[in-house]
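Spelled out from the first residue to the last, the chains are:
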Amino acid sequence: MTVSIMTRATAAFQRSFMAPVARKAGVLQGPPYSTTISYISPSTSSTTSNRITGAARLGFQQRNTPTIAVYSSLASPDENTVSTTTTTTADDNGAEKTPAPPRRFIPKPFEYHQVITIRIDSLTNMGWGIGRVAIEDDESEEEIVTEVGGGDGSETDAPSRMWVVMVPHVVVGELVSVRIFRNQKNYSEADLIEVLEPSAHRVEPKCPLAGTCGGCQYQHMSLEAQREWKTKHVEEVLSQQQIQGYESADYGKTWEVLPTVGTDDVYGYRSKITPHYQAPREIGLDEYQLEEIGFQRSSNRNLVDVPECPIATPAINAKYKEVREHLHKQAKIGELNKPTKQKKRKRGGRGGATGATLLFRHADDDENGNPVVVTDHKEYMTTTIKDLKFRYLAGNFFQVNNFVIPLMVDAVVKAATQPTKKGTPPSYLLDCYCGSGLFALSAASSFDACVGIELNEKAIEEAYVNAEMNSISNCHFVAASAEAIFTSPPKIELSSDEPPSSGDNNGDIDAGNTTTAKREIAVNEFPRDQTVVVVDPPRKGCSEEFLKQLYDYNPERIVYMSCGPATQARDAKGIVEIGGYEIVSVQPFDLFPQTKHVESLVVFEKKPVAIEF
Ligand SMILES: C[S@@+](CC[C@H](N)C(=O)[O-])C[C@H]1O[C@@H](n2cnc3c(N)ncnc32)[C@H](O)[C@@H]1O
């Protein structure tokens, strides 16, 4: 019984909740106040709530709303703990009052600031915990499930719905007390008040701002749990696509998601941070005060002051401290309030009275071994990855975890160079969305020719500089939108150490000598069974136009790296179902420890054509 409830609730959740949650794209809408989160360490586990035993279904009466039952798939019936209160604040006279709900607050199924107890049984792809609550609701539409109960027609069999409550900063399995701040159409959102039964995977965050700062969602979780959830997340988004054909009688199940890999450098790893500040406040005549310099709060778009970011490298933190002190001094004397050209720009403008976004980027050490942190978007910097030097503009894209990039590069190169069905390694590589050439240049020694394409012209200029700097001569780069690699296939010049034909040197054949001959070949002339296409698009994934062209181009293998597993899964469906590929491996990378983000590599191989006799 419980299983069927959970299955249906999960399916309903996937349909109803995932999309809106994903649409929020990381912008959490909690209430504009800070919440004190307390938890009890596993060793001293106890609960402050009333413990009710021996009931399969527990309820409490709300004003104006139906009876709410709270229980969970993970708790045995006598584990269920229920409490109900509405949080209050003190007025000017010290009297307690319930805060007024926001104007558009939907009053069902929970009251504003109602406190409930839930067991966390899953996490969303945004890192929020999910607890399920059975609500009796006559207005329920199609998602009516039969409640856990005797099945004997007794009161416990009353129709009810599983209602999802989402709360941040929790670990799966925990029993938590939460305060509702919003009822959506199909689920409610709550703040964590107290962890009543902590998970063994709850750990002390390193950052005192964990939970308040929106940068990290998982610092309170053991690394093992973080990576396990990242693997599950990649698996879930791929499964949700219900990709046809990968699990057929002909091919069997062609993939499983491998465990998320990373390194032990789970703090002090980020080689780039971009804190913001708002224009200083005028507090007197010619007197100003700079308030927060930091990141967006987890609960709203306001800033939280972040004096130090433990996931950034120590060199970045040292520079950041220096810059913060300087900015506070500048602000005091009104320097940051002077209008600049960017005055009209919102936060995100770089300088001027509207505040700014700062940049800190950790480059290779200087020639004396001193750390270099670049703060100017227009400055060039160099990062060495596996003995290759990459120069790029500090304001341009480059991966931000120098510990994990080598693992990603190794995986891409390994996938790209595997022998094809013909038994020989592929000879041609297209690197779409190539940035300053990371994958093409890293794989170049294994290919006859690599062609990279990238929208950002400056990045392409740098890709050429990087090729030269690393003495790589078989890479070619194009500044254009990715689909142009197929629609306007660039011609490239290949050198081959073949003996020239008799006509090439006026019949003057010097037997035994080889001359480096040049030949031109266009990308659309590459033999497809020897061609691999690497794609590494921004989080929104590949455009439809690009994918259509890719299917038509029909390469032997597609190696798809992504920082957006959900859009990658969407694209994977088309690549398999329309393009005629099969998924051969899925490898997530923990490129952003302590956060909900995960990088994922999916490798596709052209399906063999079925021959009918
Ligand atoms: C995730 S980054 C990958 C860069 C590179 N593979 C690396 O790891 O350094 C995505 C890149 O795609 C580029 N980009 C965005 N839209 C594009 C488009 N329509 N066509 C080509 N490149 C695009 C961005 O400028 C960015 O450099």
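For clarity, every value in this text was computed on a predicted model and none was experimentally measured. (Residues numbered from 1 in each chain as written. Predicted model: local features only at pLDDT ≥ 70, side-chain atom pairs only at ≥ 80, totals over all residues. Heavy atoms only, no water.)

Moving on, we come to helix α4 (residues 405-417). Taking 1.5 Å per residue as the helical rise, α4 with its 13 residues ought to reach 18 Å, and the 18 Å between its terminal C-alpha atoms agrees with that figure. Turning to α4, its buried residues number three or more, namely Ile405, Met408, Val409, Ala411, Val412, Val413, Ala415 and Ala416. (Helix = DSSP H or I, 4+ residues; strand = E, 2+ residues; numbered from the N terminus. Expected span 1.5 Å × (residues − 1). Buried < 20%, exposed > 50% of the residue type's maximum accessible area, 1.4 Å probe, protein only.)

The next thing to look at is the UniProt feature "binding site: S-adenosyl-L-methionine" (unreviewed entry) in the chain. The positions that UniProt labels "binding site: S-adenosyl-L-methionine" (unreviewed entry) are, in the present scheme, Gln399, Tyr433, Glu454 and Asp536. In this fold, Gln399 is placed in the loop between β24 (388-393) and α4. Setting aside its immediate chain neighbours within four residues, Gln399 contacts Ser271, Arg361, Ile405, Met408, Leu438, Asp536, Leu591 and Glu599. Inspection of the secondary structure puts Asp536 in the loop between β30 (531-535) and α8 (544-553). (UniProt positions renumbered as here; feature names shortened; annotations may be inferred. Contact = heavy atoms within 4.5 Å.)

In the numbering adopted here, UniProt assigns the feature "active site" (unreviewed entry) to Cys563. Tracing the backbone shows Cys563 in the loop between β31 (557-562) and α9 (565-577). When sequence neighbours within four positions are dropped, the list of residues in contact with Cys563 reads Arg539, Val598 and Glu599.

So, on to the state of the cysteines. Scanning the model with the defined rule gives zero disulfides in all. Free cysteine Cys213: the closest other cysteine sulfur is in Cys207, separated by 6.4 Å. (Disulfide = S-S within 2.5 Å.)

Our next topic: the side chain of Thr531. Among the structural elements, Thr531 can be located in strand β30. Thr531 gets classed as buried once you look at its relative accessible area, which sits at 0%. Among the polar contacts made by the side chain of Thr531, one reaches the main-chain carbonyl oxygen of Pro527 at a distance of 2.7 Å. For Thr531, the contacting residues outside a window of four places in its chain are Tyr428, Leu430, Phe526, Tyr553, Pro555, Glu556 and Arg557. (Polar contact = N/O pair within 3.5 Å; in protein donor to acceptor, adjacent residues only side chain to side chain.)

The predicted structure's coordinates, where accompanied by low pLDDT, should not be read in detail. This prediction gives the chain a mean pLDDT of 80; 73% of its residues lie at or above 70. Confidence drops under pLDDT 50 across residues 140-156; counting only partners more than four residues distant or on other chains, this segment forms 41 contacts. Low pLDDT, under 50, characterises residues 344-352; the stretch is placed with 23 contacts to residues that sit more than four places away or in other chains. (pLDDT = per-residue confidence, 0-100.)

What follows is about the site of the ligand. The immediate surroundings of the ligand are formed by 15 residues, with Gln399, Glu454, Ser481, Ala482 and Asp536 found nearest. Here Gln399 contributes a side-chain N or O atom positioned 2.8 Å from an oxygen atom of the ligand. Glu454 has a polar side-chain atom sitting 2.6 Å from an oxygen atom of the ligand. For the ligand, whose accessible area on its own is 590 Å², the fraction buried by protein is 87%. Across the shell around the ligand, the residue classes tally to ten nonpolar, three polar and two charged. (Near = heavy atom within 4 Å. Areas by Shrake-Rupley, 256 points an atom, 1.4 Å probe, with all protein chains shown as cover. Nonpolar A, V, L, I, M, F, W, Y, C, P; charged D, E, K, R; others polar.)

By the definition in use, this model includes 18 salt bridges. Salt-bridge contacts for Arg324 lead to Asp305; the nearest nitrogen and oxygen are separated by 3.0 Å. Within this pair, whereas Arg324 is found in helix α3 (residues 314-332), its partner Asp305 is found in strand β19 (residues 303-305), the two being separated by 19 residues in sequence. Among the residues examined, Arg324 registers a relative accessible area of 10% and is labelled buried. Each of the salt bridges in this network shares a partner with another, and the network as a whole consists of Arg227, Lys230 and Asp590. (Salt bridge = Lys/Arg side-chain N within 4 Å of Asp/Glu carboxyl O.)

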